[in-house]
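Results of the structural survey
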Amino acid sequence: MSKISRRRFMSAGLATTAGLSGVAVAAKLAQLYGLIAPDSSGIFGPGEMLTYATHRLLVRGSLAREFPRSMISKVPFANVFAPLGADFKRLENAGFSDWRLRIDGMVARPTSLSLSDLKNFPMRSQITEVVCEEGWSYIGEWIGTSLHEVLNACGVLPQARYVVYFSIQPDWWESIDMAEAMHPQTLLTWGMNDANLPVSFGGPLRLRVPRQLGYKSVKFLQRVVITDSPKGIVSAFDPNAANYGYSWYAGI
Amino acid sequence: MPNIVSRSASLRNRKGRHAALVRVTHWITVFCFVALLVSGIEILISHPRFYWGEVGNSVSSAVFKIPIPSSRRTVPTGYGYVLSDQNGWNRYLHFEAAWALVLTGVIYVVFGLWTRHFGKNLFPDKADRTWAAFWRVIAHHLRMAPPDETEKHTYNALQRITYLAVIFVWFPLVIWTGLAMSPTLNAAVPWVVNALGGRQSARTLHFFVSVVLVLFLMVHVVMVVLTGFAVRMREMITGTTAVPKEQA
């Protein structure tokens, strides 16, 4: 009995050590390959980590589903947002000719672009679905400029890991990883269904991130910052934060 | 009256009622299921309307609505007030519990195949695979008769079919319809959502499959209570069947 116990004790010890070092190595590798979401801490950390790592390992370059023209929603649903301020009204009255998109942070050439500057890039369009975490959805045609083409023009530094982007609305911002930022369908959207992007849908400029839930598609886009640090780009459970406690990764 | 479980089935599994792995995975599943149910209801409250096909929203017509207030003022519910929005942490909880449930389910199914648990304990015995045998069990239930002596050690055919359906039909379906709502997975494997008829169909099916699982849970708990709550709980916690004092 005691012999068996000792053998069992030793094999259990070895198995535990092997298991723990396995977990440690996996965590190190996950860190190295950017598989850990910035909000992977706290009681919901394990679930968040599993989802993000699985998606990033299995789904790197896949394209969001695109739909035929006949499936474009006749009456798309314009979600609500806080009243637009005086700054926005002033820009709107001038036909958004003074609207600027500032791109800075970890780029070789920080830039400020007007809407017509953006339109000088190759025009891209996609018929994709807006998917809200609440459960509703609609399909629209989205016309704009690829974020990755603009970022390439600015020269993203190699240590860049995240893109943080801000609305003109106070306290409205989001962030995505470089894989999502450089994805061909991540679109600086200035047109919708063959017209300018209406204000009710985030015009004059909205970032469309079609592989993630709607809350990542920030309206009235004014600033894009490239960073290498996950610190401060997500503040889950802070009711004043941009994401109201929603998970940082919204591909699920 | 013949026993409602065939003799060969009742003779097996005499020693312990439930294997340790079955008991552990059972309770983890209970814990995860409750978490998924509560968080699922909370998520549902943000848009208690259902659609069919690819798209659906507050300005399109719903297939059906659940007559409850919503946590969003954009949803036309007919109520004059809006509930508090708790979707943030409930979504975290929903997906974490889903991961725990799926991983537990994988361990259980691998264990079940490895030890032939499904064949031995859940797949109905040859003698029980007849309409007459099923009818016998159903009639037994309809008479509200107490459980047969043989059922102390094993499951009757109706229970077996129900458990197999929950394990191999309803849980896989709820996982499939849930995964079909992930926009990134839609990009990677579009057939997962397309085969269901679109995103909103997947959401509606996810709701109905969840309802089936909740109905199963309710019947399951009622049966446990009716057939002896303490005994059934002891079996699923300690693994041993309670032996009446006079027989001990």
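None of these values were measured; they are calculated from a predicted model. (Residues numbered from 1 in each chain as written. Chains lettered and ligands numbered in written order. Predicted model: local features only at pLDDT ≥ 70, side-chain atom pairs only at ≥ 80, totals over all residues.)

Quick look at the overall build of chain B
Within chain B, the regular secondary structure consists of 10 helices and two strands. Along the longest, intermediate and shortest principal axes, the C-alpha atoms of chain B span 65 × 40 × 35 Å. Each of the 248 residues in chain B was classed as buried or not, and the buried ones make up 30%. Residue pairs at least 24 apart in sequence account for 69% of intrachain contacts in chain B once pairs closer than 6 positions are excluded. (Helix = DSSP H or I, 4+ residues; strand = E, 2+ residues; numbered from the N terminus. Buried ≥ 20, exposed ≤ 12 C-beta atoms within 10 Å, placed from the backbone. Contact = placed C-beta atoms within 7 Å.)

What about the overall build of chain A?
When helices and strands are tallied, chain A shows six helices and 10 strands. Along the first, second and third principal axes, the C-alpha atoms of chain A reach 85 × 40 × 35 Å. Within chain A, the proportion of its 252 residues that are buried is 40%.

Here we look at the interface of chain A and chain B
If you look at the interface, chain A gives 37 residues, while chain B gives 29 residues. Mapped onto the side of chain A that touches chain B, the elements with two or more residues apiece are α2 (45–58), β3 (124–131) and β4 (137–146) of chain A. Per element, the largest residue contribution to the side of chain A that touches chain B is seven residues, and it comes from α2(A). When grouped by side-chain class, the residues that make up the side of chain A that touches chain B number 19 nonpolar, 12 polar and six charged. (Nonpolar A, V, L, I, M, F, W, Y, C, P; charged D, E, K, R; others polar.)

Description of the pairing of β4(A)
Residues and elements named next belong to chain A. Summarising burial for β4: eight of the 10 residues are buried, a large majority. In this antiparallel pair of consecutive strands, β3 and β4, the connection spans five residues, and Gly135 shows a positive phi of 130°. Pairing between β4 and strand β7 (residues 187–192): five bridges, direction antiparallel. Pairing of Ile143 across the sheet is with Gly191, part of β7. (Pairing = 2+ DSSP bridges.)

Looking at unusual backbone geometry
Residues and elements named next belong to chain A. Note that the residue after Gly203, namely Pro204, is joined by a cis bond; omega there is 15°. Along the chain, Pro204 falls in the loop between β8 (195–196) and β9 (206–208). Unlike most non-glycine residues, Phe96 shows phi in positive territory, near 60°. Along the chain, the position of Phe96 falls in the loop between α3 (86–93) and β1 (100–105). Note on Phe96: 20 C-beta atoms within 10 Å, which makes it buried.

A look at the environment of Arg203(B)
By secondary structure assignment, the location of Arg203(B) is in helix α9 (residues 199–226). Between the alpha carbons of Arg203(B) and Leu173(B) there is a distance of 12 Å; along the sequence they are 30 residues apart. Arg203(B) has contacts with Gly135(A), Phe50(B) and Met181(B), leaving out every residue within four places of it along the chain.

What to know about α9(B)
Between the first and last C-alpha of α9(B) there are 41 Å, a value that for 28 residues agrees with the 40 Å anticipated at 1.5 Å per step. Listed in full, the buried residues belonging to α9(B) are Arg199(B), Gln200(B), Ser201(B), Ala202(B), Arg203(B), Thr204(B), Leu205(B), His206(B), Val209(B) and Ser210(B). On its buried face, α9(B) sits against β3 and β4 of chain A together with α2 (20–45), β1 (49–50), α6 (157–179) and α8 (191–194) of chain B. Following α9(B) by one or two positions, Gly228(B) adopts a phi angle in the positive range, close to 110°. (Expected span 1.5 Å × (residues − 1).)

A word on the packing of α6(B) against α9(B)
Each packed pair of helices is defined by two parameters, the angle between the axes and the distance between the axes. All names here are of chain B. Where α6 contacts α9, the two axes come as close as 8 Å, and the packing angle between them is 145°. Pair α6 / α9 crosses with left-handed handedness. Facing Val166, Trp170, Leu173, Val174, Thr177 and Gly178 of α6, the residues of α9 in contact are Ala202, Leu205, His206, Val209, Ser210, Val212, Leu213 and Phe216. Looking at side-chain class alone, the contact of α6 with α9 contains 10 nonpolar, four polar and no charged residues. (Axes fitted to C-alpha atoms, helices over the stretch in contact; angles between N-to-C directions. Left-handed = near helix turned anticlockwise from the far one by under 90°.)

Notes on the sheet that holds β1(A)
Residue and element names in this part refer to chain A. Taking strand neighbours across the sheet as the criterion, the five strands line up as β2-β1-β10-β5-β6 in an open arrangement whose pairing is mixed. Sheet topology places β2 (111–114) and β6 (173–177) at the edges, where each strand pairs with a single neighbour. Strand after strand, the sheet turns through a mean of 20° between neighbouring axes, direction not considered. For strand β5 (residues 162–167) and strand β10 (residues 221–227), the ladder comprises six bridges, and the chain directions are antiparallel. Among the inter-strand pairings, Tyr162 is bridged to a residue of β10, identified as Thr227.

Some details on the confidence of the model for chain A
Residues at a pLDDT of 70 or more form 94% of chain A, whose mean pLDDT is 90. The low-confidence segment residues 236–240 of chain A (pLDDT under 50) makes six contacts with residues lying over four places distant or belonging to another chain. (pLDDT = per-residue confidence, 0-100.)

Some remarks on the packing of α2(B) against helix α3 (residues 87–114) of chain B
Residue and element names in this part refer to chain B. Axis separation between α2 and α3 bottoms out at 8 Å; the angle between their running directions is 155°. Classed by the angle they form, the pair α2 and α3 counts as roughly antiparallel. As for how α2 packs across α3, the hand of that crossing is left-handed. Looking at side-chain class alone, the contact of α2 with α3 contains 15 nonpolar, eight polar and two charged residues. (Parallel < 35°, antiparallel > 145°, perpendicular 65-115°, else oblique.)

What about the pairing of β10(A)?
In regular strands, side chains alternate between the two faces of the sheet. As paired elements, β1(A) and β10(A) share four bridges and run parallel to each other. Among the inter-strand pairings, Ile103(A) is bridged to a residue of β10(A), identified as Val224(A).

Observations concerning the confidence of the model for chain B
All names here are of chain B. Averaged over all residues, the pLDDT of chain B equals 89, while 91% of them reach at least 70. A low-confidence stretch, residues 10–14 (pLDDT under 50), is modelled with 11 contacts involving residues beyond four sequence positions or located in other chains. As a predicted assembly, this complex carries a pTM of 0.89 together with an ipTM value of 0.88.

Topic: α3(A)
Of all eight residues making up α3(A), only zero are buried, and the element is barely covered by its neighbours. A positive phi of about 65° marks Gly95(A), the residue just after α3(A).

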